[in-house]
Amino acid sequence: MSAPPVPVDARRARRLSVGGRVQGVGFRPFVYRLARLVGVAGWVQNASGHVLIHVEGPQAALDDFAARLVPDAPPLARPEIVDCEDASPAGLTDFAIAASAADDAPCVSLPPDLFVCDDCLRELADPNARRYRYPFINCTQCGPRYTIITGLPYDRAATTMVGFPLCDDCRAAFEDPVDRRFHAQPLACPVCGPSLSYVEGETRIGATEAALAACVARLKAGGIVAVKGVGGYHLMCDAGNAEAVAALRARKNRPHKPLAVMFPMTGADGLDAVRAHLAPDATAATALCDPVRPIVLTLKRADAALAPGIAPGLDEIGAFLPYSPLHHLLLTDFGGPLVATSGNISGEPVITDAAEAEGRLGSVADAFLHHDRPIARPADDSVIRPIAGRARTIRPGRGLAPLEVELPMPLNAPVLATGGHMKATLALGWGNRAVLSPHIGDLDSPRALSVYEAVAADLPRLYGVRPEWIVCDAHPGYASRRWARETGLPVSEVFHHFAHASALAAERPDVRRWLVLAWDGVGYGADGTLWGGEALVGAPGGWRRAGSWRPFHPIGGDKAGREPWRSAAALCWAAGRAYPRDIEGIGLAEAAWRKGLNAPATSAVGRLFDAAACLALGRDVASFEGQGPMELEAAAAGEGPAVEVPLFRDGDGVLRLDWAPLLDLLLRNDLSVAEKAAGFHASVAKAAARQVRALAQEAEVQAVGLTGGVFQNRKLAEMLSARLAQAGFTVVIPARIPANDGGLAIGQLVEYAARQANEADDE
Amino acid sequence: MSEDRISLAHGNGGRLMRQLIETHFFAAFDEPALAQGLDATPVPATGGNLMMTVDGFTVQPLEFPGGDLGTLAANGTINDLAVCGARPRWLTLSAILEEGLPVEQLARLVRSFAEAVRGSGATVLAGDTKVVPHGQGGGAYLTVTGLGETVRGGLSFAGIRPGDKVLVSGPVGDHGTAVMLAREDFDLRGDVRSDCASVLGLCEAAWALDGLRFLRDPTRGGLATVANEIAQATGQGIRLSEPCIPLHPATTSVCEMLGFDPYYLACEGRVVAVVGPEDAGPLLEAWRALPEGAQAAEIGQVAGDAPRVVLETEIGGERLLDELEDDPLPRIC
Ligand SMILES: [Fe+3]
Ligand SMILES: [Mg+2]
Ligand SMILES: [Zn+2]
Ligand SMILES: [Zn+2]
């Protein structure tokens with residue numbers, strides 16, 4: 001038997017469509033090089049999100065090409081072959097990069113902003129290179145993206161670099177397929193790109209090197225400089241200079257909230273300077289070196305030579321490494337750690353504009369280091385905390401967001417989720433995809449609301465997805481709910497803690513039967529009261545409140561969230577005790593509490609931690625959100641006496657924990673602060689484990705989830721997850737999606753999608 | 001909270017109340033003059049020479065530091081006419097009394113009412129009294145209709161321009177705070193008194209100015225609600241400067257302790273004015289020359305951007321003062 005011989009060089013052709021993260025990451029140049037390497041002709045083209053590839057050549061070469069396309073892709077790319085089909089050979093002899101095509105059904109990935117790659121770093125330090133010490137060096141593997149993109153597909157003309165025409169040298173590199181700057185959209189050099197300027201009073205220095213030198217000199221002299229970065233301004237000062245730090249705090253009216261510290265990148269792994277002051281564990285070290293360059297909450301060393309005012313009362317420092325070439329130069333020249341806190345008014349989005357910075361930060365900063373690359377939209381620094389051996393997102397920001405999340409079930413129409421009120425984010429969902437916006441801020445300020453509205457308009461525009469539904473929180477006072485109702489689109493509401501639970505569930509779609517502890521400050525619950533210590537059984541689209549805490553009545557509305565004494569006093573009065581601490585005029589508050597005036601019931605564990613911080617540490621009034629609980633966690637040392645917390649079933653069958661013995665513990669006279677704090681954590685962990693065991697006997701549970709802002713408390717989360725693991729439970733703590741309200745928007749999408757799926761099943 | 005049934009929030013001056021009135025009253029009456037949302041309306045047959053208003057008064061308790069139901073009912077009606085540019089002339093009084101109300105107390109309330117009416121130069125031309133069984137009324141409810149002669153026309157939202165100044169005639173939030181303390185029977189020795197009074201004199205001083213655009217008495221929902229009404233009706237933003245807003249220290253400390261926002265608490269003897277920038281100084285001077293305007297202040301301006309009310313805080317921050325929601329619940333998570 002003999003088949004007709006196939007000529008070995010018979011040309012075949014193949015058409016591939018590649019999705020995933022393939023824009024702004026050097027994917028097309030890679031395709032070009034790969035095609036040349038394996039010996040195929042054809043072309044590659046950007047088509048609003050997908051990359052279309054046509055290859056033709058011998059069968060073996062085509063196979064080789066297809067086999068290496070995903071595994072050999074550049075480190076930042078996450079290609080997924082969406083489609084691969086045979087095509088007719090066109091007789092091409094060369095491989096080319098074709099111009100981008102704009103089509104009307106884009107499926108884009110909006111890339112986040114990333115740190116300088118190793119190649120660019122080397123060049124930055126090379127005196128012979130054209131971009132030696134150039135603060136805006138970048139290539140296809142690094143540099144700004146989200147904060148400069150004004151439209152998609154991702155091309156220079158649709159970025160804020162449009163105002164910087166390329167010089168001849170840059171253009172040559174930009175057009176050379178084998179250059180690592182080939183189609184690096186933010187490409188720049190000292191001749192044609194952005195530059196620095198320094199402003200101090202009447203002095204204005206326009207030359208980049210001189211501006212940088214003036215900034216470093218001012219910082220060394222103990223000054224405070226507002227420095228424009230990638231996603232906004234920082235306020236910077238010498239982290240080793242106690243007076244500078246105190247001045248920054250006084251001028252920013254920020255007495256205690258921890259300040260982030262940027263360390264120079266030194267030593268073999270870049271962390272020598274960090275290790276001189278801090279003790280990063282393996283998780284923290286990895287997170288610190290990630291190209292995302294997040295702020296990582298890292299344990300302080302006892303001998304840290306940092307100003308004590310950086311994180312008073314806490315045992316961790318928010319540390320990060322330089323995240324742009326500018327910061328790299330700044331930190332290297334300064335030669336030590338710098339405080340680098342968001343240049344904003346508390347709770348507002350970070351400031352991005354030079355005039356606004358000089359106007360609103362004028363009374364804080366001694367000087368300004370500006371640059372003239374416009375920021376299309378603000379992105380605050382991302383914040384990570386290592387908990388139970390993994391990096392957990394506390395704040396999604398520059399480098400992390402927009403965060404891509406795969407929905408466990410598809411949406412039947414595009415949906416915009418409006419998130420919460422504090423730490424607001426938005427999420428856009430369509431099909432199985434969801435993207436979470438960066439952290440915007442608290443929606444109490446007009447600036448936060450303006451940025452929020454801009455992001456709400458931007459996400460659908462950039463992704464080419466028009467939302468047909470809105471999902472929002474059910475709290476009547478949230479600005480995000482009000483905004484949702486003003487869109488004119490149909491609105492669905494998701495209860496706060498259901499959204500927390502569903503966001504967690506998105507990280508483990510394989511789990512079908514959950515028991516989720518959703519513990520936070522207050523959120524609007526399904527019965528119209530303020531929840532915050534809930535045990536929810538079920539799955540997205542079908543949560544049941546099976547457990548909770550005994551409610552209590554913090555006095556003073558939203559003031560209770562800022563003044564821990566209000567929660568502490570409410571517990572004391574409910575227990576028939578006098579409030580032991582001295583608060584002027586408290587008699588009026590007690591009278592109001594007895595009348596139930598502005599003292600709504602809540603089961604919020606966040607408020608219990610507030611109360612504990614007040615009674616154990618004397619933290620009557622907090623100057624920033626979560627201050628009491630954070631100080632309580634830092635104060636907890638050793639085991640501490642764990643008390644037994646009783647469970648009781650209320651009239652609705654909800655299994656509730658009673659806080660009364662915790663109050664007794666906190667009011668004991670024979671315990672040190674450290675013992676009280678540790679005992680409180682241990683008791684709460686033990687109580688939660690007990691509640692979980694009881695509920696797991698009543699319902700089938702595949703995994704126990706721990707979410708809500710309270711579980712950003714590392715000691716509590718680790719203690720409880722260890723206990724639960726010991727009892728044989730699978731424990732899940734959010735990692736990518738924030739456990740706090742920054743993750744609500746994703747949970748709202750998941751909850752909405754699951755409800756749709758349930759309704760479809762019912763029909 | 002269910003919005004299918006009347007709740008207390010339908011009467012707090014905020015969003016629910018506005019929606020209720022728009023949907024169920026304005027729509028039913030189909031009278032364009034009503035839909036302007038002013039405190040009094042020109043009577044068409046008189047060519048606008050007469051203004052008409054009506055108000056019901058249900059305050060609890062009936063007597064409180066600084067005033068009582070009678071002064072409140074008289075001044076509330078007088079003030080609604082005055083802020084619309086009219087001098088009050090003729091009133092009616094409808095009293096719904098609850099079985100068991102001490103006659104002596106009723107006499108006190110009526111005396112207060114009469115005294116306040118006399119002070120304004122108006123007279124009572126008609127009245128009605130009904131008694132409802134014990135338990136069906138809060139002691140006494142008064143409803144007052146007022147007719148006034150238009151002295152100063154042209155006061156409406158329509159005249160408001162970006163750059164106009166916002167002034168208030170005195171400290172805000174006193175009435176709401178005093179009544180709350182009195183209602184809950186707190187043991188506080190009258191540190192906070194209601195500001196319940198006529199604003200006719202203040203309005204007369206303002207009428208004289210060409211640059212006067214708009215006047216309103218910040219009653220239910222307080223200063224923040226008036227500012228929101230202006231923002232919504234004009235499509236302009238309002239920026240208020242927190243350090244400039246007058247507050248009595250006693251009111252401030254009660255609000256701080258109980259967690260209330262004084263900008264949302266009622267006044268009953270203050271007036272908010274919007275004036276052209278050139279007349280802000282003269283108005284302030286004229287008000288401060290009056291005893292009831294001694295603490296008058298320029299507190300902000302019409303900003304011309306999105307129709308929001310922004311409070312500029314002492315430390316350079318900005319806070320949105322939203323339209324009053326149902327029952328304000330804590331939001332800090
Ligand atoms: Fe929450
Ligand atoms: Mg009226
Ligand atoms: Zn690079
Ligand atoms: Zn160049």
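Residues numbered from 1 in each chain as written. Chains lettered and ligands numbered in written order. Predicted model: local features only at pLDDT ≥ 70, side-chain atom pairs only at ≥ 80, totals over all residues. Heavy atoms only, no water.

1. Here's the deal with the UniProt feature "active site" (unreviewed entry) in chain A
Residue and element names in this part refer to chain A.
Turning to step 1, where the next piece is worked out: Residues annotated in UniProt with the feature "active site" (unreviewed entry) correspond here to R28 and N46. Despite a sequence span of 19 residues, these residues sit close together in the fold, their greatest C-alpha distance being 7.9 Å.
Turning to step 2, where the next piece is worked out: Take R28: it is sitting in helix α1 (residues 27–38).
Turning to step 3, where the next piece is worked out: Judged by relative accessible area, which is 7%, R28 ranks as buried.
Turning to step 4, where the next piece is worked out: Ignoring any residue separated from it by four or fewer positions in sequence, one finds R28 in contact with V44, Q45, N46, V51, I97, A98, S100, H183 and Q185. (UniProt positions renumbered as here; feature names shortened; annotations may be inferred. Helix = DSSP H or I, 4+ residues; strand = E, 2+ residues; numbered from the N terminus. Buried < 20%, exposed > 50% of the residue type's maximum accessible area, 1.4 Å probe, protein only. Contact = heavy atoms within 4.5 Å.)

2. What to know about the domain arrangement of chain B
Frequently, the measure chosen for interface size is the accessible area removed from exposure when the parts meet.
All names here are of chain B.
Turning to step 1, where the next piece is worked out: When the domains of chain B are assigned, the result is domain 1 (36–150) and domain 2 (157–320).
Turning to step 2, where the next piece is worked out: Residue-level contacts link 23 residues of domain 1 with 23 residues of domain 2.
Turning to step 3, where the next piece is worked out: Both sides together, the interface formed by domain 1 and domain 2 hides about 1,900 Å², and carbon and sulfur atoms give 60% of it.
Turning to step 4, where the next piece is worked out: Ranking the residues of domain 1 by area buried against domain 2 places P65, N79 and V83 at the top, with a combined share of 27%.
Turning to step 5, where the next piece is worked out: Sorting the residues of the side of domain 1 that touches domain 2 by element identifies α3 (69–82) and β5 (86–98) as the ones contributing at least two each.
Turning to step 6, where the next piece is worked out: When residues in the side of domain 1 that touches domain 2 are grouped by element, the largest group, 7 residues, is from α3.
Turning to step 7, where the next piece is worked out: Here the residues of the side of domain 1 that touches domain 2 sort into 11 nonpolar, 9 polar and 3 charged. (Domains from an automatic or database assignment. Buried area = accessible area lost by both parts, 1.4 Å probe. Nonpolar A, V, L, I, M, F, W, Y, C, P; charged D, E, K, R; others polar.)

3. Details of the packing of helix α13 (residues 496–506) of chain A against helix α21 (residues 744–762) of chain A
All names here are of chain A.
Turning to step 1, where the next piece is worked out: Their axes nearest at 7 Å, the elements α13 and α21 cross at an angle of 85 degrees. The orientation of α13 with respect to α21, classified from their angle, is roughly perpendicular. Taking contact as the criterion, the partners of H496, F498, A499, H500, S502, A503 and A506 in α13 are, on α21, L744, I746, G747, Q748, V750 and E751.
Turning to step 2, where the next piece is worked out: Along the lines of polarity and charge, the residues of the contact of α13 with α21 split into 7 nonpolar, 5 polar and 1 charged. (Axes fitted to C-alpha atoms, helices over the stretch in contact; angles between N-to-C directions. Parallel < 35°, antiparallel > 145°, perpendicular 65-115°, else oblique.)

4. Focus: a nonpolar patch on the surface
All names here are of chain B.
Turning to step 1, where the next piece is worked out: On the surface, F25, F29 and L34 cluster together into a nonpolar patch covering about 290 Å² of accessible area.
Turning to step 2, where the next piece is worked out: Along the chain, L34 falls in helix α2 (residues 32–35).
Turning to step 3, where the next piece is worked out: Look at L34 and you get partly exposed, because its relative accessible area is 31%. (Patch = residues over 30% accessible without salt bridge, like charges linked within 9 Å, V, L, I, M, F, W, Y side chains within 5 Å. Areas by Shrake-Rupley, 256 points an atom, 1.4 Å probe, with all protein chains shown as cover. Salt bridge = Lys/Arg side-chain N within 4 Å of Asp/Glu carboxyl O.)

5. Describing the nonpolar core
Turning to step 1, where the next piece is worked out: Grouped together as the largest cluster of nonpolar side chains are 77 residues, with contacts concentrated most on L517, W519, W549, W565, Y579, F680 and L720 of chain A.
Turning to step 2, where the next piece is worked out: With 10 residues, helix α19 (residues 673–696) of chain A is the single largest residue contributor to this core.
Turning to step 3, where the next piece is worked out: Aside from chain neighbours lying at most four places away, what touches L720 of chain A is L517, A685, A688, A689, L706 and F711 of chain A.
Turning to step 4, where the next piece is worked out: Ranked by size, the runner-up nonpolar core spans 51 residues in total, among them M51, C84, L91 and L142 of chain B. (Core = buried A, V, L, I, M, F, W, Y, C linked by side-chain atoms within 4.5 Å.)

6. What to know about the interface of chain A and chain B
Turning to step 1, where the next piece is worked out: Counting from both sides, the interface comprises 49 residues of chain A and, opposite them, 31 residues of chain B.
Turning to step 2, where the next piece is worked out: Overall, the association of chain A and chain B removes approximately 3,400 Å² of surface from exposure, summing both partners, and the carbon and sulfur fraction of that is 58%.
Turning to step 3, where the next piece is worked out: There are 4 salt bridges connecting chain A and chain B.
Turning to step 4, where the next piece is worked out: Residue R331 of chain B pairs with D558 of chain A through a salt bridge whose shortest N-O separation is 3.9 Å.
Turning to step 5, where the next piece is worked out: Linking chain A with chain B are 15 residue pairs in polar contact (both at pLDDT 80 or more). (Polar contact = N/O pair within 3.5 Å; in protein donor to acceptor, adjacent residues only side chain to side chain.)

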